[in-house]
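# Fold and contact review
Listed below, chain by chain, are the residues.
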Amino acid sequence: MDRPLDDAHALLRAARAWIAEFGEEGVTSYEPPPARAIPAAREVERPPPEPPAAGTAAPTAFADEARPTLASVRETLGECTRCALHEGRRRIVFGDGNPDADLMFVGEGPGENEDRQGLPFVGRAGELLTRMIEAGLELPRSEVYICNIVKCRPPGNRNPLPPEVASCRPFLDGQIAAVRPRAIVALGKPASSLLLGRDVAITRERGTWHTYRGIPVMPTFHPAYLLRQYTTRNRRLVWEDLKAALAKARER
Ligand code: SF4
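Residues numbered from 1 in each chain as written. Predicted model: local features only at pLDDT ≥ 70, side-chain atom pairs only at ≥ 80, totals over all residues. Heavy atoms only, no water.

## Some thoughts on helix α6 (residues 188–196)
Which entries qualify depends on this criterion: Residue exposure (1.4 Å probe, protein chains only): buried if accessible area is under 20% of the type maximum, exposed if over 50%, otherwise partly exposed. The secondary structure listing takes helices from DSSP runs of H or I that are at least 4 residues long and strands from runs of E that are at least 2 residues long, numbered from the N terminus.
The element α6 is largely enclosed, with a buried count of nine among its nine residues. For α6, the complete set of buried residues consists of Gly188, Lys189, Pro190, Ala191, Ser192, Ser193, Leu194, Leu195 and Leu196. Looking one or two places after α6, you find Gly197, whose phi comes out positive at around 75°.

## What about the packing of helix α2 (residues 70–77) against helix α5 (residues 162–179)?
Cut-off, in case you're wondering: Where helices are involved, their axes are fitted lines through C-alpha atoms of the stretch in contact, as for all axes, and angles between N-to-C directions lie from 0 to 180°. For classification, angles of less than 35 degrees are called roughly parallel, those exceeding 145 degrees roughly antiparallel, those between 65 and 115 degrees roughly perpendicular, and all remaining angles oblique. By definition, turning the near helix anticlockwise from the far helix through less than a right angle yields a left-handed crossing, and turning it clockwise yields a right-handed one. Contacts were defined at the residue level, with two residues in contact if any of their heavy atoms lie within 4.5 Å. In this count, Pro and Cys sit with the nonpolar residues alongside Ala, Val, Leu, Ile, Met, Phe, Trp and Tyr, while Asp, Glu, Lys and Arg are called charged and the others, Gly among them, polar.
For the pair α2 and α5, interaxial distance at closest approach is 8 Å and the crossing angle is 165°. With respect to α5, the axis of α2 lies roughly antiparallel. Here α2 runs over α5; the crossing is right-handed. Listed contacts from α5 to Leu70, Val73, Thr76 and Leu77 of α2 are Phe171, Gly174, Gln175, Ala178 and Val179. Of the residues belonging to the contact of α2 with α5, the class tally is six nonpolar, three polar and no charged.

## Digging into the site of the ligand
For clarity, the cut-off: Residue proximity to a molecule or strand is established when one non-hydrogen atom of the residue lies within 4 Å of it.
In the vicinity of the ligand, the contacting residues are Leu77, Cys80, Arg82, Cys83, Leu85, His86, Arg89, Lys151, Cys152, Ser167 and Cys168. Each residue belonging to the shell around the ligand can be placed in one class, and the counts come to six nonpolar, two polar and three charged.

## Topic: the pattern of salt bridges
Put simply, the rule reads: We define a salt bridge as a side-chain nitrogen of Lys or Arg found within 4 Å of a carboxyl oxygen belonging to Asp or Glu.
For the structure on display, the rule yields 14 salt bridges. The partner of Arg89 in a salt bridge is Glu79, with the nearest N and O atoms 3.6 Å apart. Within this pair, whereas Arg89 is found in the loop between α2 and β1 (96–97), its partner Glu79 is found in the loop between α2 and β1, the two being separated by ten residues in sequence. Given the relative accessible area of 15%, Arg89 is considered buried.

## Quick word on the side chain of Arg206
Our working rule: What qualifies as a polar contact is a pair of N or O atoms within 3.5 Å, subject to a donor-acceptor requirement within protein and to the restriction that residues adjacent in sequence count only when both atoms come from side chains.
Here Arg206 shows up in the loop between α7 (202–205) and β5 (210–212). Engagement of the side chain of Arg206 in a polar contact is seen with the side chain of Asp241, the distance being 2.7 Å. Setting aside residues no more than four positions away along its own chain, Arg206 makes contact with Pro219, Thr220, Phe221, Leu237, Glu240 and Asp241.

## Quick look at the sheet that holds strand β3 (residues 145–148)
Put simply, the test is: A pair of strands is considered paired only if DSSP assigns at least 2 bridges between the two.
Read across the sheet, six strands follow the order β1-β3-β2-β4-β6-β5 without closing on themselves; strand pairing throughout is mixed. Only two strands of the sheet have a single neighbouring strand rather than two, namely β1 and β5. Sheet topology note: the strand β2 (residues 103–107)/β3 ladder contains four bridges and is parallel. The residue bridging Met104 from the neighbouring strand is Tyr145, located in β3. Contacts from helix α9 (residues 232–250) reach β2, β4 (183–187) and β6 (215–220), with the element oriented near 170° to β6.

## What to know about the confidence of the model for the protein
Keep this limit in mind: Confidence per residue, as judged by the predictor, is encoded in pLDDT with a range of 0 to 100.
Of the residues in the protein, 75% reach a pLDDT of 70 or more, and the chain-wide mean stands at 83. Below pLDDT 50 for its whole length, residues 22–59 participates in 84 contacts with residues either more than four positions away or in separate chains.

## Observations regarding the side chain of His210
Its location among the elements puts His210 in strand β5. Looking at His210, its side chain comes within polar contact range of the side chain of Thr208, at 2.8 Å. Once you skip the residues sitting within four places of it in the chain, His210 turns out to touch Leu196, Arg198, Glu205, Ile215, Pro216, Val217 and Pro219.

## Quick word on the nonpolar core
Heads up, the condition is: Think of a nonpolar core as a cluster: buried Ala, Val, Leu, Ile, Met, Phe, Trp, Tyr and Cys residues, connected wherever their side-chain atoms sit within 4.5 Å.
The biggest cluster of nonpolar side chains holds 34 residues, and the ones touching the most others in it are Val106, Tyr145, Leu172, Ile176, Ile184 and Leu195. Contributing elements (two or more residues each) for this core: α2, β2, β3, α5, β4, α6 and β6. Of the residues forming this core, the biggest block, seven residues, is contributed by α5. When near neighbours in sequence (up to four residues on either side) are disregarded, Ile176 contacts Met104, Pro181, Ile184, Leu195, Tyr212 and Ile215. In terms of nonpolar packing, the next biggest core, distinct from the first, is built from 25 residues, Leu137, Val144, Phe221 and Leu246 among them.

Listed below in structure tokens is the structure:
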């Protein structure tokens, strides 16, 4: 099969997953916003990447290092062209925060603002995440570490495709190995599905503990989803998840 057909099939699979995710989240209808109200690209929740098949952990360039540094992971990444996402990016969005953080947040991928600034979670969803960390958990954002499963913005803000996620995964693994957080918060279905190694129904599995490479992982809603579904209940659920994650990170 040629490349255009491959891409078309991948986009169709992504669209189906997107519709399934909305159904899972209880969305039964959709009214497009007026043109001027279209949210910034970063705030559009994307369908999940397909998780890797069981038992096919991505090879990591850092497996042999006892504890790589974030600088060495970033240096290895370089001006990466390992997947097609490099073609449309302005800047690589590597990560941000405390290199020794106890608590790590992993999202899906950079949006427009992140691509422009080279920093993760700096759009509207990022502002909400920052408020949750600083006003809710009473931690400076600089105390935690924040990154995404892919470091380059997908064109048109589409879902990162499985080969793109697989290409970038060793660098997420390198970041986790470097930071060695005591707990990871997986923001939204795509990050949760990648870290749990299977398709995650985020509405059912948020608030439950899992592990990734021995590190406790708490799936919760992506802040972009919270912006769309800004209900008291959803805010309370995320608040409970973040409190539990912070408590886990502080366990000694
Ligand atoms: Fe490289 Fe990751 Fe960007 Fe792909 S998404 S080009 S693997 S940095």
